[in-house]
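Remarks on the overall topology
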Amino acid sequence: MAESSNGVTEKNIIQTIHDTLHDEMKRDDRMVILGEDVGARGGVFRATMGFLQEFGPERVIDTPLDECLIAGVSIGLALDDMRPVAEFQFADFIFPGFNQIVQEAARIRYRSNGDFGLPLVMRTPWGGGVHGALYHSQSIEAFFAHVPGLKVVAPSTPEDVKGMLTQAIDDPDPVLFLEHKKTYRLIKGDVPDERYTIPFGKSKVVREGSDLTCVSYGLMHHYCLEAANRLSTDGIEVEVIDLRSIYPLDMDTVLESVGKTNKAMIVYEDNKFLGVGAEVSAQIAEHALFELDGPVVRIGAPHVPAMPYAPTLEHWFLPDPDRIEQEMRKLAEY
Amino acid sequence: MAESSNGVTEKNIIQTIHDTLHDEMKRDDRMVILGEDVGARGGVFRATMGFLQEFGPERVIDTPLDECLIAGVSIGLALDDMRPVAEFQFADFIFPGFNQIVQEAARIRYRSNGDFGLPLVMRTPWGGGVHGALYHSQSIEAFFAHVPGLKVVAPSTPEDVKGMLTQAIDDPDPVLFLEHKKTYRLIKGDVPDERYTIPFGKSKVVREGSDLTCVSYGLMHHYCLEAANRLSTDGIEVEVIDLRSIYPLDMDTVLESVGKTNKAMIVYEDNKFLGVGAEVSAQIAEHALFELDGPVVRIGAPHVPAMPYAPTLEHWFLPDPDRIEQEMRKLAEY
Amino acid sequence: MSEGKVSEGTDRHTELGLKEEDLIEMYRYMLTARFCDERQWALNRMGKAPFVVPVSGHEGAQVGSGWAFERGKDVFCPYYRDLALVLVAGLTPEEVFMGLFGKAADPSSGGRQMPAHWGSRERHIITGSSPIATQVLHGAGIALAKKIKKSDAVVGTWFGEGGTSEGDWHGAMNMAGIHQLPLVFVCENNQYAISVHESKQVAGSVYKRAEGYGMPGVQGDGNDVLESYRLTKEAVDRARAGGGPSLIELRTYRFYSHTSDDDDRTYRSKEEVEEAKKKDPIPAFERYLRSIGVIDDHRIAEIREEIKTIIAEAVKAAEEADFPDPSTAMRNVYADPPQEVT
Amino acid sequence: MSEGKVSEGTDRHTELGLKEEDLIEMYRYMLTARFCDERQWALNRMGKAPFVVPVSGHEGAQVGSGWAFERGKDVFCPYYRDLALVLVAGLTPEEVFMGLFGKAADPSSGGRQMPAHWGSRERHIITGSSPIATQVLHGAGIALAKKIKKSDAVVGTWFGEGGTSEGDWHGAMNMAGIHQLPLVFVCENNQYAISVHESKQVAGSVYKRAEGYGMPGVQGDGNDVLESYRLTKEAVDRARAGGGPSLIELRTYRFYSHTSDDDDRTYRSKEEVEEAKKKDPIPAFERYLRSIGVIDDHRIAEIREEIKTIIAEAVKAAEEADFPDPSTAMRNVYADPPQEVT
Ligand SMILES: Cc1ncc(C[n+]2csc(CCOP(=O)(O)OP(=O)(O)O)c2C)c(N)n1
Ligand SMILES: Cc1ncc(C[n+]2csc(CCOP(=O)(O)OP(=O)(O)O)c2C)c(N)n1
Ligand SMILES: [Mg+2]
Ligand SMILES: [Mg+2]
């Protein structure tokens with residue numbers, strides 16, 4: 001781990017997740033971590049490295065290979081006042097647990113009229129660009145953000161990751177915490193050493209600009225920022241917003257920005273059709289239509305079932321800074 | 001069954017489904033029906049009444065209570081050149097099969113580069129207004145329409161139901177065939193006796209109008225039509241489009257209509273956030289922005305986990321003709 | 001399983017550690033469930049209750065198995081059929097009818113859920129849903145929590161034989177077996193899942209599956225309340241002592257259609273139903289109680305009258321109660337509700 | 001299971017109906033798989049293959065079980081570990097390496113999927129995915145189709161012991177048991193699912209689960225190719241004769257890390273791995289072949305050389321082959337592709 005100075009330490013994202021989980025495990029006895037390979041292996045991405053040794057097998061539980069079980073058992077733990085943090089090894093493998101998450105976790109508070117609540121964190125690595133092909137590259141946020149009762153967040157910087165993971169653990173409701181696996185080692189940043197939380201439902205204007213508003217999250221946020229920085233040399237100033245939280249969705253920040261720039265673009269690596277960009281775009285069309293000087297542009301993945309393996313096809317599938325830059329320029333010049 | 005005259009017979013929707021399935025079972029030996037209670041019980045809505053007696057237990061299969069099994073076994077049947085038509089008893093109970101449908105059925109053709117295909121029909125009753133509460137009222141189309149490789153259709157009249165169910169059975173790809181359960185007995189219409197198919201991806205202008213375009217499907221289509229007819233007496237003419245097919249989505253018809261009326265509204269009973277209306281609205285915002293004289297309005301269900309049971313709450317949840325009429329008037333007068 | 005076992009004059013209950021008061025209470029619960037059921041069907045026919053889930057036939061299995069748990073400490077993860085069980089766990093008839101009508105005072109859901117979707121934090125009845133068998137995994141999770149906390153509470157989970165088919169059940173059995181959780185699986189095998197017969201539902205047999213998961217499995221007569229108690233009590237005691245999970249299959253029958261939306265005449269014969277009713281757990285238990293001299297005709301009539309009165313009052317109170325106000329409909333989606341997304 | 005069983009000089013194969021040519025072919029398949037594996041690891045270290053799924057250790061279980069099926073008639077539903085099995089089913093080393101590199105000529109997916117996601121309609125190898133255990137239900141569906149068609153084809157499905165945990169497995173076992181499907185379940189139990197030991201994966205034991213589903217279950221030494229063949233052949237013959245499904249648990253070990261992305265040193269000791277390698281199925285089979293005089297040092301060297309040459313050529317052809325063209329990337333989403341949604 002890097003040295004701390006002035007109360008902040010530079011870390012990459014996976015290290016930040018590891019350290020945050022570690023701090024929280026020390027802080028609250030009720031917290032347990034469960035999932036496939038979270039024990040001796042420390043997680044296939046090493047998010048829980050050393051935890052088994054430090055906290056023992058009752059709090060760091062290698063489950064059987066059954067995501068339905070992981071979700072259902074986590075729900076039971078939360079119902080008995082534990083603080084489960086479940087790991088789904090890849091977002092692509094969460095679906096055997098879909099019924100437990102969508103029908104049970106999401107609806108328990110509502111269906112019991114508040115008699116039961118469900119403090120449950122579900123972490124999972126998502127996203128592409130890692131030669132993971134169809135089943136190790138998926139974006140799953142749209143499925144879950146559509147479900148009332150769940151909160152879905154996808155922070156993209158180490159600082160946000162710590163604050164929002166801590167918030168997720170404090171949160172009284174089920175939270176799907178999405179970690180873009182390509183950013184795990186790619187993205188570094190200063191992380192305050194102190195405990196802090198970042199509330200959900202607040203997006204962040206990361207770069208100010210007057211020519212167009214670009215909304216994204218996850219790896220795409222970094223690509224958008226790169227594209228925006230490049231365009232700046234040509235005098236095109238893009239306002240770049242990192243959504244961070246998919247539900248609750250902070251449209252106020254987006255609409256305010258669109259009110260200023262009069263142009264909007266949403267970039268996401270999920271399949272375009274009915275992806276998160278559809279909701280953002282629809283809300284703009286509902287609330288800011290007459291502020292717009294150009295179409296609301298969405299950049300998303302083509303309508304094929306997830307990212308193919310061959311490098312030629314993977315490159316074709318995933319939006320990259322070049323393509324984003326082009327589209328930004330086109331919209332700015334519209 | 002009603003008398004046929006001039007080659008058409010008046011039927012309600014459940015009867016149409018029953019008769020269509022029956023005709024197809026007679027026509028193609030490879031077709032098998034499987035699901036919970038499809039045998040002696042003839043399905044809890046009687047869609048397969050009498051089939052067990054007529055076609056025998058090898059073609060009309062009562063499965064164990066396991067939707068994962070229903071989906072997975074159906075996939076296997078299709079892979080071995082059978083023509084499975086699976087029934088999920090309620091749309092709300094399809095989720096244990098989510099992984100098999102989304103990860104397997106949807107992706108088999110693509111992942112094998114066309115070496116394997118999957119002619120599979122998945123029928124299921126969806127929608128509310130039947131005192132079904134949280135778990136017998138759900139709308140599930142958005143989850144599945146987001147998944148490339150699947151086709152998702154939701155016809156709303158007996159004639160369309162027959163043509164599109166026949167098309168689904170002929171289709172070489174997996175089709176999720178959604179039957180709004182409240183319309184089963186509510187909606188009647190003339191159905192041609194001859195075999196015919198209606199291609200997917202064609203929406204239908206059911207009522208012409210010049211003041212605004214209203215897009216919907218399922219039960220909501222009928223409510224929209226009712227609201228539009230009422231408004232007509234006040235001189236407000238709403239163009240009413242029945243989407244029929246969610247994916248492929250026929251935006252050409254919608255955009256053409258919006259080009260004419262300059263106002264658009266989408267009505268759906270699913271939760272509004274990331275429901276099908278988001279995609280329709282986003283595509284309008286992308287392709288017809290400058291044709292619009294008013295915001296793109298979405299009417300959808302509030303952000304609560306599905307329809308509550310108490311009549312007071314169910315009424316509150318589900319859009320009805322009164323509310324739709326109000327919103328139409330507001331938009332028309334915008 | 002021999003028919004009518006309970007009616008013989010031997011003293012089975014003392015052996016089981018049950019006192020006469022226990023027997024009377026168990027009997028009352030069985031009767032209360034039965035009378036609630038009859039009443040809810042009547043209300044359904046009168047158009048006052050759109051949806052009914054019957055319990056009749058299962059009272060022996062439910063009261064017998066439920067009685068083996070310690071209220072206030074142990075945890076119940078029931079399914080919709082378990083009206084008699086949740087009465088044992090502490091729900092009152094009035095609460096049952098609040099739920100039947102979907103009234104605001106329904107403790108399970110405040111009128112959000114269909115009837116028979118039981119839940120009460122106070123009574124340790126875990127909120128249930130419609131999707132089959134999800135609760136067994138919640139039971140496993142709660143049992144895991146109990147183990148981590150070194151609590152000696154035991155968790156029970158109930159389900160039909162149809163429920164054994166879902167992956168959730170498999171996962172819970174596996175988890176319970178691996179971690180030797182204090183969890184008792186109770187299968188109320190009434191031979192049908194709606195219309196689907198056990199022979200098309202369960203390959204092999206339910207209780208025989210236990211061995212493959214490293215736990216004891218037994219089968220017993222669910223129409224015999226004392227037998228149901230005995231088998232469950234053994235399992236609960238073992239679990240409490242750290243001996244791990246068990247699977248109990250209680251054979252029984254449902255007398256009515258699956259729900260008020262079903263019509264059982266399409267899939268089973270009148271004769272079969274009549275035959276099954278001869279093994280009705282309530283008269284069988286009455287015979288036992290008479291045989292040991294705990295009750296007589298007079299006392300039976302008295303008890304029946306008392307219960308009917310309670311139920312009549314419960315129905316009246318529930319009928320008069322308010323429906324939930326739509327202004328409350330957005331509550332409890334989250335603990336801290338965000339603004340409605342419009 | 002006794003160690004080194006295959007090396008004794010008794011004639012076990014004649015009893016099993018295997019000829020000497022069969023033995024040589026089986027041996028060749030085992031060696032081919034092993035050499036492909038070594039080669040793909042080398043390519044990985046050279047930076048030429050981003051992702052490798054090893055087979056080494058499983059060759060006896062796979063070739064033995066695979067050999068029991070009739071190619072051209074029976075159907076294979078394998079999982080990613082099954083390199084040796086799909087060679088038996090008809091994939092060529094060249095095709096394996098096309099897949100390794102994600103080249104357009106990869107028959108399994110045309111470079112769409114990760115390596116080791118086998119499929120070939122022509123060879124009756126059903127296309128597989130990454131989500132664990134989905135293929136066993138496809139196997140059940142195909143077996144049901146065979147039964148409906150009154151075909152005498154048999155379906156085999158392979159999976160690790162980790163795969164038994166998913167609900168899909170439970171559903172397939174149940175369906176197969178209820179309908180007595182011509183389906184053979186083969187578990188390659190290598191004691192680990194990535195890092196998770198069998199003791200945290202499987203309550204009870206895999207083969208003992210069979211009884212609860214009404215089918216025979218056996219356990220055998222997966223490092224013994226002839227034993228693997230014998231157990232599977234019995235099951236295949238029974239299935240073909242209408243005798244229904246079986247579950248076979250073949251105990252084995254994986255010699256490398258789970259994949260090239262894994263590091264097994266975190267969860268198992270070097271000693272344990274070395275100990276397991278003493279039971280390597282290939283030298284064990286070689287000992288048997290020598291003992292019955294089918295091969296000698298010279299022949300072994302010859303065969304090894306032949307196979308190495310084939311593999312070298314396969315790698316070369318695959319390295320030189322083209323990647324898929326992005327212009328083809330929208331194909332095969334549907335049979336009749338709609339316009340790209342943009
Ligand atoms: C996941 C799911 N699939 C289907 C249903 C519809 N359904 C409700 S009850 C039932 C049968 C349950 O039978 P069993 O478990 O034997 O319980 P019983 O009703 O006989 O007591 C079915 C199929 C459901 N509620 N959930
Ligand atoms: C549904 C799902 N969850 C998790 C994974 C990640 N994963 C890939 S292989 C594997 C272990 C499989 O172990 P086992 O079935 O024993 O087969 P083995 O690799 O030992 O041959 C896991 C957890 C996955 N592929 N699919
Ligand atoms: Mg039953
Ligand atoms: Mg393994």
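Provided above is the structure to which this section pertains.
Reading the values: the criteria
Residues numbered from 1 in each chain as written. Chains lettered and ligands numbered in written order. Predicted model: local features only at pLDDT ≥ 70, side-chain atom pairs only at ≥ 80, totals over all residues. Heavy atoms only, no water. Donors = N, O, S within 2.8 Å, 3.2 Å for Na, K, Ca; no water. Tetrahedral: all angles 85-135°; square planar, octahedral: opposite > 155°, others 65-115°. Helix = DSSP H or I, 4+ residues; strand = E, 2+ residues; numbered from the N terminus. Buried < 20%, exposed > 50% of the residue type's maximum accessible area, 1.4 Å probe, protein only. Near = heavy atom within 4 Å. Polar contact = N/O pair within 3.5 Å; in protein donor to acceptor, adjacent residues only side chain to side chain. Contact = heavy atoms within 4.5 Å. Buried area = accessible area lost by both parts, 1.4 Å probe. Salt bridge = Lys/Arg side-chain N within 4 Å of Asp/Glu carboxyl O. Pairing = 2+ DSSP bridges. Axes fitted to C-alpha atoms, helices over the stretch in contact; angles between N-to-C directions. Least-squares fit on C-alpha atoms with pLDDT ≥ 70 in both. Patch = residues over 30% accessible without salt bridge, like charges linked within 9 Å, V, L, I, M, F, W, Y side chains within 5 Å. Areas by Shrake-Rupley, 256 points an atom, 1.4 Å probe, with all protein chains shown as cover. Lys, Arg positive; Asp, Glu negative; His and termini not counted. Charge placed at Lys NZ, Arg CZ, Asp CG, Glu CD. Parallel < 35°, antiparallel > 145°, perpendicular 65-115°, else oblique. Left-handed = near helix turned anticlockwise from the far one by under 90°. Nonpolar A, V, L, I, M, F, W, Y, C, P; charged D, E, K, R; others polar. Core = buried A, V, L, I, M, F, W, Y, C linked by side-chain atoms within 4.5 Å. Phe/Tyr/Trp six-rings, centres within 6.5 Å; stacked < 30°, edge-to-face > 60°.

**Brief notes about the coordination of the magnesium ion (ligand 4)**
Residue and element names in this part refer to chain D. Protein-derived coordination of the magnesium ion (ligand 4) comes from Glu161 (OE), Glu161 (OE), Asn190 (OD1) and Tyr192 (O), at a distance range of 2.1 to 2.7 Å. Every donor counted, the 6 donor atoms about the magnesium ion (ligand 4) form angles of 51 to 178 degrees at the centre, which fits irregular coordination. Sequence spacing of the donor residues for the magnesium ion (ligand 4), all on one chain, is E-x28-N-x1-Y. Of the two residues, Glu161 sits in the loop between β2 (155-160) and α7 (167-179) while Tyr192 sits in strand β4 (residues 192-193), which places them 31 residues apart along the sequence. One exposure class covers both Glu161 and Tyr192, and it is buried.

**A closer look at the site of ligand 1**
What surrounds ligand 1 is a group of 21 residues, the closest being Glu67 of chain B together with Tyr79, Tyr80, Arg81 and Tyr192 of chain C. With respect to ligand 1, the chains having nearby residues are chains B and C. Measuring from a nitrogen atom of ligand 1, one finds a backbone N or O atom of Ile132 of chain C at 3.1 Å. In the model, an oxygen atom of ligand 1 is placed 2.9 Å from a nitrogen or oxygen of the Gly162 of chain C main chain.

**Here we look at the interface of chain B and chain D**
Across the contact, 39 residues belong to chain B and 45 residues belong to chain D. Contact between chain B and chain D buries roughly 3,600 Å² in total, counting both sides, with carbon and sulfur atoms accounting for 59%. Put simply, chain B and chain D have 3 salt bridges between them. Among the ionic pairs, Lys150 of chain D bridges to Glu58 of chain B, the shortest N-O distance being 3.4 Å. Put simply, chain B and chain D have 17 residue pairs in polar contact (both at pLDDT 80 or more) between them. Mapped onto the side of chain B that touches chain D, the elements with two or more residues apiece are α3 (67-79), α4 (98-105), α5 (108-111) and α11 (276-287) of chain B.

**Comments concerning the interface of chain A and chain B**
If you look at the interface, chain A gives 52 residues, while chain B gives 51 residues. Here chain A and chain B share an interface that buries about 4,900 Å² over both sides, 66% of which is from carbon and sulfur atoms. Sorting the residues of chain A by area buried against chain B places His146, Phe273 and Leu274 of chain A first, and these three jointly supply 16% of that buried surface. If you look at where chain A meets chain B, you find 6 salt bridges. Between Arg298 of chain B and Glu286 of chain A there is a salt bridge; the shortest N-O distance is 3.5 Å. Inspection of the chain A/chain B interface yields 23 residue pairs in polar contact (both at pLDDT 80 or more).

**Re the pattern of salt bridges**
Tallying each qualifying case throughout the model produces 101 salt bridges over all chains. Between Glu286 of chain D and Arg304 of chain D there is a salt bridge, with its nearest N and O atoms 2.9 Å apart. In this pair, Glu286 of chain D is assigned in helix α11 (residues 281-291) and Arg304 of chain D in helix α12 (residues 297-320), connecting sequence segments 18 residues apart. Linked by salt bridges that have partners in common, Glu226, Arg230, Asp234, Asp322, Glu325 and Arg329 of chain A make up one network.

**Here we look at the sheet that holds strand β3 (residues 183-189) of chain C**
All names here are of chain C. Read from one edge to the other, the open sheet built from 5 strands follows the order β1-β2-β3-β7-β6, with strand pairing classed as parallel. Only two strands of the sheet have a single partner each, and these edge strands are β1 (75-77) and β6 (217-221). Put simply, the sheet's adjacent strands are angled 20 degrees from each other on average, direction ignored. Pairing of β6 with strand β7 (residues 246-251), which is carried by 5 bridges, proceeds in the parallel orientation. Looking at β7, one finds that Gly217 is bridged to Leu247. On the sheet, helix α9 (residues 225-240) packs against β3, β6 and β7 and is oriented at approximately 170 degrees with respect to β7.

**Brief notes about helix α3 (residues 59-66) of chain C**
By the criterion of burial, α3 of chain C is predominantly enclosed, with 8 of the 8 residues buried. Listed as buried for α3 of chain C are Glu59, Gly60, Ala61, Gln62, Val63, Gly64, Ser65 and Gly66 of chain C.

**Considering the relation of the copies chain A and chain B**
Taken as rigid bodies, chain A and chain B are interconverted by a rotation of 180 degrees and an axial shift of 0.0 Å, the fit giving an RMSD of 0.0 Å. Here the copies are linked by what is in effect a two-fold axis. An overlap of 98% is found between the interface residues of chain A and their copies at the interface of chain B, pointing to a shared contact surface.

**Structural notes on unusual backbone geometry**
For the bond running from Tyr247 of chain A to Pro248 of chain A, omega is -5 degrees, close enough to zero to count as cis. Positionally, Pro248 of chain A belongs in the loop between β13 (245-247) and α10 (251-261). Here Asp81 of chain A, not a glycine, exhibits a phi torsion of approximately 70 degrees, which is positive. By the element assignment, Asp81 of chain A lies in the loop between α3 (67-79) and β5 (83-87). Even without being glycine, Asn262 of chain B reaches a positive phi, approximately 65 degrees. Along the chain, Asn262 of chain B falls in the loop between α10 (251-261) and β14 (264-271).

**Overview of the site of ligand 2**
The full set close to ligand 2 counts 21 residues, and Glu67 of chain A together with Tyr79, Tyr80, Arg81 and Tyr192 of chain D are the nearest of them. Near ligand 2, the surrounding residues are drawn from chains A and D. One of the backbone nitrogen or oxygen atoms of Gly162 of chain D is found 2.9 Å away from an oxygen atom of ligand 2. In the environment of ligand 2, an oxygen atom lies 3.5 Å from a nitrogen or oxygen atom belonging to the side chain of His258 of chain D.

**Describing the coordination of the magnesium ion (ligand 3)**
Residue and element names in this part refer to chain C. For the magnesium ion (ligand 3), the full set of protein donor atoms is Glu161 (OE), Glu161 (OE), Asn190 (OD1) and Tyr192 (O), at a range of 2.1 to 2.7 Å. Around the magnesium ion (ligand 3) sit 6 donor atoms, and with donor-metal-donor angles ranging over 50 to 177 degrees the site reads as irregular. Along the chain, the residues donating to the magnesium ion (ligand 3) are arranged with the sequence spacing E-x28-N-x1-Y. Neither Asn190 nor Tyr192 differs from the other in exposure class; each is buried.

**Observations concerning a negative patch on the surface**
A contiguous patch of negative charge on the surface is contributed by Asp11, Glu15, Glu20, Glu21 and Glu25 of chain C. Ranked by the residues each element gives to the negative patch, the list is headed by helix α2 (residues 20-45) of chain C, at 3 residues.

**What about the packing of α3 of chain B against helix α6 (residues 134-148) of chain D?**
For any two helices packed against each other, one specifies the inter-axial angle together with the distance between the axes. Where α3 of chain B meets α6 of chain D, the axes come as close as 6 Å, and the angle between the chain directions of the two elements is 55 degrees. Taken together, the axes of α3 of chain B and α6 of chain D are oblique relative to one another. Pair α3 of chain B / α6 of chain D crosses with right-handed handedness. Of the residues in α6 of chain D, those touching α3 of chain B at Cys68, Leu69, Gly72, Val73, Ile75, Gly76, Leu77 and Leu79 of chain B are Leu137, His138, Ala140, Gly141, Ile142, Leu144, Ala145 and Ile148 of chain D. Here the contact of α3 of chain B with α6 of chain D is composed, by residue class, of 12 nonpolar, 4 polar and no charged.

**With respect to the nonpolar core**
Membership of the largest hydrophobic core comes to 324 residues, with the highest contact counts inside it found for Phe144, Ile284 and Met328 of chain A together with Phe144 and Met328 of chain B. Non-local contacts of Met328 of chain B, meaning those with residues more than four positions away in its chain, are made with Leu212, Cys214, Cys224, Ala227, Ala228, Leu231, Val238 and Met265 of chain B. The next biggest cluster of nonpolar side chains, apart from the first, holds 73 residues, and it includes Leu18, Phe97, Trp158 and Ala314 of chain D.

**Section: the packing of aromatic side chains**
Residues and elements named next belong to chain A. Tallied over the full model, the rule gives 56 aromatic pairs over all chains. With centroids separated by 5.1 Å and ring planes inclined at 55 degrees, the aromatic side chains of Phe45 and Tyr184 adopt a geometry described as tilted. Taken as a pair, Phe45 in the loop between β3 (31-35) and α2 (51-55) and Tyr184 in helix α8 (residues 183-186) lie far apart in primary sequence, 139 residues in all. Classification of Phe45 by relative accessible area gives buried; the value is 19%.

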